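The lines below spell out each chain.
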Amino acid sequence: MNIRSYVFFALLFTLSNQGAWADVFPDVLVVRFAKDSKLNAQWHEQQRKGALKGLADIVGDHTTWPFVSDAVLTCIESAITTRQLRSRNTILAVPPARPAYTACKVLTDLCVIKLNSSASSSIIAGKLTSHPDIVYAEAMPQYTIDGLPNDPLSVDQYHLVRTHAVDAWDLLTPGAEPIVVGIVDTGIDTAHVDLQDQFWRNPGETGMDSLGRDKRSNKVDDDKNGFVDDWYGWDFVGPDGISADNNPLPGNNHGTHVGGLVGALVNNNVGVAGMSPFVKLLPIKVGRDSPASRSVEKSGDGILYAAAMGARVVNCSFGSSSPSFADLDVVQAATELGALVVAAAGNASSEQAFYPAAHQPTLSVAATDETDRRVFFSNFHHTVDISAPGVNILSTVPDNKYLSQDGTSMASPIVAGVAAMTLYAKPNLTPESLRALLKATATNIDSVNISFVGLLGSGRLDALAAISASSARYADVIDVQFVDDNHDSLLVNGESVSITCRLHNILAPLNNARITITPAPSDFEPIIDVSASDVGAVATSDTATPVNAFRLQIPDDAPLNGELKLLVWIWDTDTLVGRQLITYTVNPSYRTLHENNIAVTITTSGNLGYNDYPDNTQGVGLTWMNGPSLLFESGLLIGTEPSFLPNVVRGADPNFKDNGFAGHGTVTIQRDVLPECFSATATFADSVDRFPVGLSVKETVFEGTADSVANSVVVAFDITNTTNITHKNVNASLFFDWDLGASGAEDGVAWDNNRGFAVVQNVEDLSIPTVGVAMVSPLPLNITAIDNGGGGGVPSIYDGFIRAEKWFTMSRGKLRTNSSLGDVSLMIGGGPFSLAPSETRQIVFCISVGKTLEDVTRYMNSARLYASTLGLQSVPYVPTAPQDHIESIANGPVYSPDQPITVRFALANLGPAELSVVDLLGRTVRLSVLESELAAGTYERTFAMPDGVPGVYFIVLRTATTQDAIPIQLLR
């Protein structure tokens, strides 16, 4: 299989490098429904609002609303219709092709889901990605503005000189229509003396209507664009996020500063000058009214409104480190409507992608100083397109004042202003060609930014060069593929790699194109064998394939999970016409074993399935017969008590997993070491855990290729005590969050006492395979069937999985043997056992997958036997006699004194039964039920807690043969 890296447009690649869902709303997510899906039809039938029955089992209590409002959709439709009519009425010998507006058509299917529970939006989004009705799901990013205010420092607008803007003005001829620039920000002071004549006016909402009323205030949508009285812009947010109006006056002064940089009036003997003398500002407010507010809301609506109302450039001086497919759809639609989106690259002073700037159609802007050096606060990344001055930038602020501010927020409107100026001089440029022209004419600043070559775009903005260019050339490479020699999809140390790509020419024709690659600064340097390839002549807008592939070798000293960085240089004869940085992760520590019908990824830290919870892009999960992954998360837990519990399962914050084990080296794959057997081995220790027990672990995953075991994997953990003390009460378990059905809906898990394994099935779709999981070592069995949303006396894991809850579910024997139907998980393991100093104990698991329960039973029996032949500590299963036990307590385990408690318990035989409440000292504080004769069966009893000291108590079941207990907590 080829390793594909789609340069610039690789949102999935960027997602894998973002960490666990930074800068998102914890309870809001966005989904895009498949166009012809049932969920989409239901949502539209509900007028794109309200809860969706088809999602309730997955997301719980929720409500929905459109990501793109009805008004904005109307505005876009009006714009498209108007443009199509103009096209039809234009008499040309060869009519231009009409845009298909493909990107605009998906906007109606973007849905915001507000969770009304404690579930995490990031986790729910991860679940929904496997739903057949959903194209993508993501936690909604939190956008903030990117200015860094400071005191006024200077009245010298050095950025006008540094970018040669003043020289460019001399080349502009007055008389043409000004270019409209959308300022999607915190609003603009439209009365500012330096701005008041610079604002766009909506011709459809100005003048008098047929009744003699001023269209600006007649409360009629005169131009039928979905907005009433939007005569000079729109406020999408208002004071509270929902009170939209037609008055885009500022909250925070940020938007006025940004607007002034683009369009402050030139040559009026007042204040400052904007970047372009022939521009009109379209103010679009997406920040709240408070001057202190830095948050941005409904930016998608704002961008689309600007593009639909005729803005050729849209500036976005805000962003988030969290990527968003929904915002990518918005940017693509705005581009399709004819607008170039220009955005700030972010002020985190780090090498990271920042959104919406990092989306491929956007022009991403980093910040430089008076000497063209990167400013310390500016982000740098291969997704950056261009740089511009961004420190000590003087511009307008409300109340006829001026202020110097720093930030990529300032660099972005400087570029947006030059983009508008360039469009004024060259009105036929498309958003793509305008973006390419600004990059092609930028001034190279590598010599003063040696450590950031390829990370600050094509260079520093040059307005004069952009305006005066008559035949600028610019191209980039697309569809980059890394192919390793053994085609196992892994670039590892010492391996040779071929790199292929296509060249995409955007501007003037290329006569003799050639591509070269060189190493970029990194923590290792590849050995490049073939560094150049001819392409030849390439016409404007065409693509071409280089004559030969590039070749390189990964050095032996490349670090684990190292980042290969290559600079791609595009030449036309001896003229540089484009460059970009391409990257790829090499020498990954994880490996995927796929030698029989099951494919599973093994990590060096005790996780199965994926290496990067919850993004789940590094690995294949656990698949059967090349189908979709059946697993969302799996990880190992070993401990002696709730605090001392090293593990790699989701933690108290469900967006992050605990990292209790540190791996050594990479996972190693061994083939044919045993007859018809392949294995993967990882070693790790708990030394990085905040409460280490003192353990080292060797994990070995076996896959047999014989027919009898071709649908099973065997997982063995050899656990060694590395301390000089004996550990008692050790329990070890594997946690599995299964997603068999659509996003885990309608799944169930149950312990089958006759077969000796836990069964995971989907009751809705019988075509979905059945999974069996068994702990096959001679250890006491611990098993808990978990409803992810909570229930049956087991806490919810949607709102976090604290260590006390983990210990509770992995150390109570057969705590809960049947889940409800829905999104479910399984905790299965063994213990307690003791570990003397230097002693090693082994715990072995078998996982089998098949079409039916009968198939899985057959596979599991063979897997148990197979584990024994491998020399593992696997024992035959002997069904245990049914035992009296507590099945669950309702709505627990935390109670208030006046809250009734319902206990569900099962009796295996006829006899007496007693329920009581016992404190930590073993004293009975309440005798609840005393019955001398109860038949075998399942019972429920409800009683009230006695008044007592808050703390931990136990519900205890006593029968003639058994005593069972479950802890509860009493609040004050």
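Fair warning: this is a prediction, and the values are worked out from it, not measured in the lab. (Residues numbered from 1 in each chain as written. Predicted model: local features only at pLDDT ≥ 70, side-chain atom pairs only at ≥ 80, totals over all residues. Heavy atoms only, no water.)

## Remarks on the overall build of the chain
Part 1: Helix and strand counts for the chain come out as 16 helices and 52 strands.
Part 2: For 972 residues, the compact-globule estimate of 2.2 N^0.38 gives 30 Å, and the chain sits close to it at 32 Å.
Part 3: If one aligns the C-alpha atoms of the chain with their principal axes, the spans along those axes are about 100 × 70 × 55 Å.
Part 4: When contacts within the chain are restricted to residue pairs at least 6 apart in sequence, long-range pairs at least 24 apart make up 70% of them.
Part 5: When the accessible surface of the chain is split by element, carbon and sulfur atoms take 53% of a total near 36,300 Å².
Part 6: A distance of 2 Å separates the average location of the 63 positive side-chain charges in the chain from that of its 103 negative side-chain charges. (Helix = DSSP H or I, 4+ residues; strand = E, 2+ residues; numbered from the N terminus. Rg over C-alpha atoms; globule rule 2.2 N^0.38 Å. Contact = heavy atoms within 4.5 Å. Areas by Shrake-Rupley, 256 points an atom, 1.4 Å probe, with all protein chains shown as cover. Lys, Arg positive; Asp, Glu negative; His and termini not counted. Charge placed at Lys NZ, Arg CZ, Asp CG, Glu CD.)

## Concerning the nonpolar core
Part 1: Ranked by size, the top nonpolar core spans 62 residues in total, and within it Trp169, Val342, Ile386, Val415, Met421, Leu438 and Leu461 carry the most contacts.
Part 2: Sorting elements by how many residues they give to this core places helix 12 (residues 408-425) first, with eleven residues.
Part 3: Ignoring sequence-local partners within four residues, the contact set of Leu461 consists of Thr163, Ile386, Ser387, Ala388, Ile414, Val415, Val418 and Leu438.
Part 4: With 54 residues, the next largest nonpolar core counts Val30, Tyr101, Ala103 and Ala339 among its residues. (Core = buried A, V, L, I, M, F, W, Y, C linked by side-chain atoms within 4.5 Å. Buried < 20%, exposed > 50% of the residue type's maximum accessible area, 1.4 Å probe, protein only.)

## Some words on the packing of aromatic side chains
Part 1: Using the criterion set out here, one finds 20 aromatic pairs in the structure.
Part 2: A centroid spacing of 5.8 Å and a plane angle of 75° characterise the contact between Phe236 and Tyr305, whose relative ring orientation is edge-to-face. With Phe236 in the loop between strand 9 (234-235) and helix 9 (254-263) and Tyr305 in helix 10 (residues 299-308), this pair connects stretches of sequence that are 69 residues apart. A single burial state applies to Phe236 and to Tyr305, both of which are buried.
Part 3: Ring geometry for Phe717 versus Phe845: centroids 6.2 Å apart, planes at 80°, classification edge-to-face. (Phe/Tyr/Trp six-rings, centres within 6.5 Å; stacked < 30°, edge-to-face > 60°.)

## A few points about the pattern of salt bridges
Note that side chains of opposite charge can pair when their charged atoms are close.
Part 1: Counted under the stated rule, the structure contains 34 salt bridges.
Part 2: In this structure, the salt-bridge partner of Glu914 is Arg958, at a minimum N-O distance of 3.4 Å. Pair noted here: Glu914 is in strand 48 (residues 911-919) and Arg958 is in strand 51 (residues 951-959), with a separation of 44 residues, a long-range link.
Part 3: Bridged by salt links that share partners, the residues Lys127, Glu633, Arg650, Asp737, Asp739 and Asp823 form one connected network. (Salt bridge = Lys/Arg side-chain N within 4 Å of Asp/Glu carboxyl O.)

## Topic: the pairing of strand 43 (residues 824-835)
Part 1: Among the twelve residues that make up strand 43, ten are buried, leaving the element largely enclosed by the rest of the structure.
Part 2: Where strand 37 (residues 727-738) meets strand 43, eight bridges bridge the pair, whose relative direction is antiparallel. Within strand 43, the residue paired with Ala732 across the bridge is Gly830.
Part 3: For strand 41 (residues 781-787) and strand 43, the ladder comprises seven bridges, and the chain directions are antiparallel. Bridge pairing in strand 43 links Asn782 to Gly829. (Pairing = 2+ DSSP bridges.)

## With respect to the sheet that holds strand 3 (residues 62-66)
Part 1: On the basis of which strands lie adjacent, the open sheet formed by four strands has the order 3-4-2-5 and antiparallel pairing. Every interior strand has two partners, whereas the edge strands, strand 3 and strand 5 (134-141), have only one. This sheet shows a mean twist of 30° between the axes of neighbouring strands, independent of strand direction.
Part 2: The sheet strands contacting helix 6 (residues 121-128) are strand 2 (24-33), strand 4 (110-115) and strand 5, and the helix crosses strand 2 at an angle near 20°.
Part 3: Sheet strands touched by helix 11 (residues 325-336): strand 2, strand 4 and strand 5. Its angle to strand 5, the strand with the most contacts, is close to 100°. (Axes fitted to C-alpha atoms, helices over the stretch in contact; angles between N-to-C directions.)

## Some thoughts on the confidence of the model for the chain
Part 1: Mean pLDDT over the chain works out to 90, with 94% of the residues at or above the 70 mark.
Part 2: Confidence drops under a pLDDT of 50 for residues 91-96, and excluding neighbours within four residues, the segment shows zero contacts in the predicted structure.
Part 3: Below a pLDDT of 50 lies the segment residues 148-154, which in the model reaches 20 contacts outside its immediate sequence neighbourhood of four places, other chains included. (pLDDT = per-residue confidence, 0-100.)

## Quick word on unusual backbone geometry
Part 1: Here the residue pair Tyr613 and Pro614 is connected by a cis peptide bond, since its omega of 0° sits within 30 degrees of zero.
Part 2: Tracing the sequence through the fold places Pro614 in the loop between strand 29 (598-602) and strand 30 (622-624).
Part 3: The omega torsion of the bond from Gly831 to Pro832 falls at 5°, within 30 degrees of zero and hence cis.
Part 4: Along the chain, the position of Pro832 falls in strand 43.
Part 5: With phi around 50°, Lys224 is a residue other than glycine that occupies positive phi space.
Part 6: Here Lys224 is to be found in the loop between strand 8 (179-185) and strand 9.
Part 7: With a phi angle near 55°, Asn392 is a residue other than glycine that sits in the positive phi range.
Part 8: Mapping Asn392 onto the fold places it in the loop between strand 16 (386-389) and strand 17 (393-397).

## Topic: the packing of helix 9 against helix 12
Part 1: One can describe the packing of helix 9 onto helix 12 by two numbers: an axis separation of 8 Å at closest approach and a directional angle of 35°. With respect to the hand of their crossing, helix 9 and helix 12 are arranged in right-handed fashion. Here His254, His257, Val258, Leu261 and Val262 of helix 9 come into contact with helix 12, specifically with Ser409, Met410, Pro413, Ala416 and Gly417.
Part 2: In the contact of helix 9 with helix 12, the residues fall into six nonpolar, four polar and no charged. (Left-handed = near helix turned anticlockwise from the far one by under 90°. Nonpolar A, V, L, I, M, F, W, Y, C, P; charged D, E, K, R; others polar.)

## Thoughts on the packing of helix 10 against helix 11
Part 1: One can describe the packing of helix 10 onto helix 11 by two numbers: an axis separation of 9 Å at closest approach and a directional angle of 5°. By the criterion of interaxial angle, the relationship of helix 10 to helix 11 is roughly parallel. Contact residues: helix 10 offers Gly300, Ile303, Leu304 and Ala307, while helix 11 offers Val330, Ala333 and Ala334.
Part 2: Taken together, the residues of the contact of helix 10 with helix 11 break down into six nonpolar, one polar and no charged. (Parallel < 35°, antiparallel > 145°, perpendicular 65-115°, else oblique.)

## What about the sheet that holds strand 11 (residues 295-296)?
Backbone hydrogen bonds hold the strands of a sheet together, and the pairing may be parallel or antiparallel.
Part 1: Pairing is antiparallel in the open sheet, where three strands are placed in the order 11-6-13. If you trace the sheet from one side to the other, it starts and ends with strand 11 and strand 13 (318-319), each paired once.
Part 2: Pairing geometry for strand 6 (residues 143-145) and strand 13, over two bridges, is antiparallel. Across the sheet, Thr144 pairs through a bridge with Gly319, a residue of strand 13.

## Re the side chain of Glu699
Part 1: By secondary structure assignment, the location of Glu699 is in strand 35 (residues 695-704).
Part 2: The buried charged residue Glu699 lacks any salt bridge, with Lys657 as its nearest oppositely charged partner at 11 Å.
Part 3: Not counting residues up to four positions away in its chain, the partners in contact with Glu699 are Ile602, Thr603, Gly606, Leu608, Ala680, Thr681, Ala682, Phe684, Val715, Ala716 and Phe717.

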